[in-house]
Amino acid sequence: MSDPIPPSDWEDRITARPAARPGDPGHGHSFPPRPETVRVTPAHLSALDREVSHDLDGHLPEGVPVRAVPRPVPPEQVRPPLWRRPAGAEGDDRGEATGVFRPDDRFEFSDTSFPWRTCGRVQTPAGWASGVMVGPRHVLTASHAVPWLASGGADWMTYTPAQFDTSTPFGTANSTRVYSWLRAHGADGIDSTEAAFDYVVCVLDRRLGDTVGWMGSRTYSTDWDAKPLWGHVGYPFDIGSGVRPVYHPRGVMDRTVAESTAGRDSYRIVHRNDAVGGQSGGPFFGWWDGDPWPRVVAGQSAENWGGPGGPNAAGGGSALPVLIDYARSVEP
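Every chain is numbered on its own, with residues counted from 1 as its sequence reads. Per-residue local features are limited, in this predicted model, to residues with pLDDT of at least 70; the limit for side-chain atom pairs, both in listing and counting, is 80 or more; totals at the level of whole chains, interfaces and linings are taken over all residues. Only heavy atoms go into the side-chain values, all of them from the structure, while hydrogens and water stay out.

Caption draft 1: The arrangement of the pattern of salt bridges in detail. Basic side-chain nitrogens of Lys or Arg form a salt bridge, by our definition, when they fall within 4 Å of a carboxyl oxygen of Asp or Glu. Within this structure, the stated rule accounts for 17 salt bridges. Of the charged contacts, one joins arginine 250 and aspartate 105 as a salt bridge, the two residues approaching to 3.8 Å between their closest N and O atoms. Of this pair, arginine 250 sits in strand 12 (residues 246-261) while aspartate 105 sits in the loop between strand 2 (55-56) and strand 3 (107-108); the two residues are 145 residues apart in sequence, bridging distant segments of the chain. Across the salt bridge formed by arginine 244 and glutamate 108, the nearest N and O atoms sit 2.8 Å from each other. Taken as a pair, arginine 244 in the loop between strand 11 (228-234) and strand 12 and glutamate 108 in strand 3 lie far apart in primary sequence, 136 residues in all. Runs of E in the DSSP output that reach at least two residues are strands. Runs of H or I that reach at least four are helices, and both are numbered from the N terminus.

Rendered as structure tokens:
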């Protein structure tokens, strides 16, 4: 039996072989492309040469069934959570605060009717978040869910509408550009201004909205505070293990805190709707008479505002539909 090659000769043996071609086994991993990033300013809006909208329509594709409430997963198919925070507790034995309040009304669903097919899972190299289609190839998600890079750009992001476990009925698209008011990183927490503007619009490389549709959007009004008007969809880690969509009904927004950046105003919307990791970027939305689609008024941002057991926070206000309108206008 011959002796192994000494380590000093390994490099010579490897480089003496023909170079691997992209796609060959052993060449390395393949990742989605990185998106370009645009921090929107008043100059961008002025370049539109028109007033941006604070009230945007959605789109219901022809022949797609509509359901006001998503179809729950049958009890026998509900996945036992890997771990679930005790509802209403300030913490658990691992010292983690809860963003869930009694009663926990969230439930898993599997439904490809409209508008539930517009909601989906955002995947990045850092983990996952939630999002919703707000245009033909436009996804609303959280700014702090974007894998911002120190160089000023962002790492890859993908969007899969209606993902349920490994089922992806409408496929997956890559993000090619990210529009934002600011960059919320979230590593050291999210301050009040970041929470108010904690949303971005990702432009996809495919027009998924032509198939799944998209939600409209509207400026949040403080007249709606304390009223059970809102639905929310996300992919929390404590229910469905982050791979099944979860619906929270009858959401209530408690109060708003006005913030400003980039010449725009927005709200940090304080609430006690159940929200934990993975739900970030998921939409809060409502229905209006005469509309065949719901409208997004806010996106989930932070949990445990002010400390353990504190309220959660979403970002919304006039700047949210403006950002969507701008992205849809420059990249229809």
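Caption draft 2: Molecular detail of the nonpolar core. Side-chain atoms within 4.5 Å link the members of a nonpolar core, which is a set of buried Ala, Val, Leu, Ile, Met, Phe, Trp, Tyr and Cys residues. To sort residues, take the accessible area from a 1.4 Å probe on protein chains only and compare it with the maximum for the residue type: under 20% means buried, over 50% means exposed, and anything in between is partly exposed. With 33 residues, the main nonpolar core has Val40, Leu140, Tyr179, Trp181 and Tyr199 as its most contacted residues. Looking at this core, the element that brings in the most residues is helix 5 (residues 319-330), giving 7 residues.

Caption draft 3: Summary view of unusual backbone geometry. Arginine 102 connects to proline 103 through a cis peptide bond whose omega is -10°. Counting through the fold element by element, proline 103 comes out in the loop between strand 2 and strand 3. In the segment running from phenylalanine 114 into proline 115, the intervening peptide bond is cis, with an omega of 5°. With respect to the helices and strands, the residue proline 115 is situated in the loop between strand 3 and strand 4 (119-124). Positive phi outside glycine occurs at alanine 162, with the angle close to 60°. For alanine 162, a relative accessible area of 10% puts it in the buried group.

Caption draft 4: Layout of the side chain of aspartate 225. Tracing the backbone through its elements, the reader meets aspartate 225 in the loop between strand 10 (216-218) and strand 11. The side chain of aspartate 225 sits in the buried core without any salt bridge; arginine 255 is the nearest counter-charge, 8.4 Å away. A polar contact of 2.6 Å, which involves the side chain of aspartate 225, links it to the side chain of tyrosine 220. Neither His nor the chain ends contribute to the count of charged residues, in which Lys and Arg are positive and Asp and Glu negative. Distance and chemistry together define a polar contact, namely a pair of N or O atoms within 3.5 Å, with one atom able to donate a hydrogen and the other to accept it when in protein, and with adjacent residues in sequence counting only for side-chain atoms on both sides.

Caption draft 5: Main features of the environment of proline 42. Structurally, proline 42 can be placed in helix 2 (residues 42-46). Relative accessible area serves as the criterion here: at 43%, proline 42 is assigned to the partly exposed category. Between two residues, a contact is recorded if the distance between any of their heavy atoms is within 4.5 Å. Contact partners of proline 42, with chain neighbours within four places excluded, come to Ala262 and Gly263.

Caption draft 6: Representation of the side chain of threonine 158. With respect to the helices, strands and loops of the structure, threonine 158 is situated in strand 7 (residues 158-161). Overall, the relative accessible area of 11% leaves threonine 158 in the buried class. Beyond its immediate chain neighbours, meaning those up to four positions away, threonine 158 contacts Pro32, Arg121, Val122, Gln123, Thr172, Ala173 and Asn174.

Caption draft 7: The confidence of the model for the protein, seen in detail. Confidence in the prediction of the protein, expressed as mean pLDDT, is 89, and 89% of residues score 70 or more. In the model, residues 17-24 has pLDDT below 50 throughout and makes 3 contacts with residues more than four positions away in sequence or in other chains. Confidence of the prediction at every residue is given by pLDDT, a number between 0 and 100. Counting contacts from residues 88-96, a segment whose pLDDT is below 50, to residues more than four positions away or on other chains yields 18 contacts.

Caption draft 8: A look at the packing of aromatic side chains. In summary, the pairing rule links any two rings of Phe, Tyr or Trp, Trp by its six-membered ring, whose centres are within 6.5 Å, and it sorts them by plane angle into stacked for under 30 degrees, edge-to-face for over 60 and tilted for everything else. Taken as a whole, this structure holds 10 aromatic pairs when the rule is applied. Ring centres of tyrosine 220 and tryptophan 230 lie 6.0 Å apart, and the angle between their planes is 50°; this geometry places the pair in the tilted category. Of the two residues, tyrosine 220 sits in the loop between strand 10 and strand 11 while tryptophan 230 sits in strand 11, which places them 10 residues apart along the sequence. In this structure tryptophan 230 comes out as buried when scored by relative accessible area, which is 2%. Between tryptophan 230 and tryptophan 288, the aromatic rings sit 6.1 Å apart at their centres with planes inclined by 50°, giving tilted as the arrangement. Taken together, the residues span a long stretch of sequence, with tryptophan 230 in strand 11 and tryptophan 288 in the loop between strand 14 (283-286) and strand 15 (295-302) at a distance of 58 residues. Pairwise contacts between aromatic rings join Phe107, Phe109, Trp116, Tyr247 and Phe285 into one cluster.

Caption draft 9: Expanded view of helix 5. Counted at 1.5 Å a residue, the expected span for helix 5 with its 12 residues is 16 Å, and the 17 Å between its end C-alpha atoms agrees. In terms of burial, helix 5 is largely enclosed, as 10 of its 12 residues are buried. The set of residues buried in helix 5 consists of Ala319, Leu320, Pro321, Val322, Leu323, Ile324, Asp325, Tyr326, Ala327 and Arg328. Here a helix's expected span is defined as the number of its residues, less one, multiplied by 1.5 Å.

Caption draft 10: Examining the pairing of strand 16 (residues 312-316) more closely. Taking burial as the measure, the 5 residues of strand 16 include 5 buried ones, the bulk of the element. Neither face of strand 16 is open: one carries Asn312, Ala314 and Gly316, the other Ala313 and Gly315, and all of them are buried. For two strands to be treated as a pair, DSSP must find at least two bridges joining them. Here strand 13 (residues 264-271) runs beside strand 16; their pairing, made up of 5 bridges, is antiparallel. Paired with isoleucine 269 across the two strands is alanine 314, which belongs to strand 16. In this structure, strand 15 lies alongside strand 16, joined through 4 bridges in antiparallel fashion. Across the sheet, the residue bridging to alanine 298 is glycine 316, located in strand 16.

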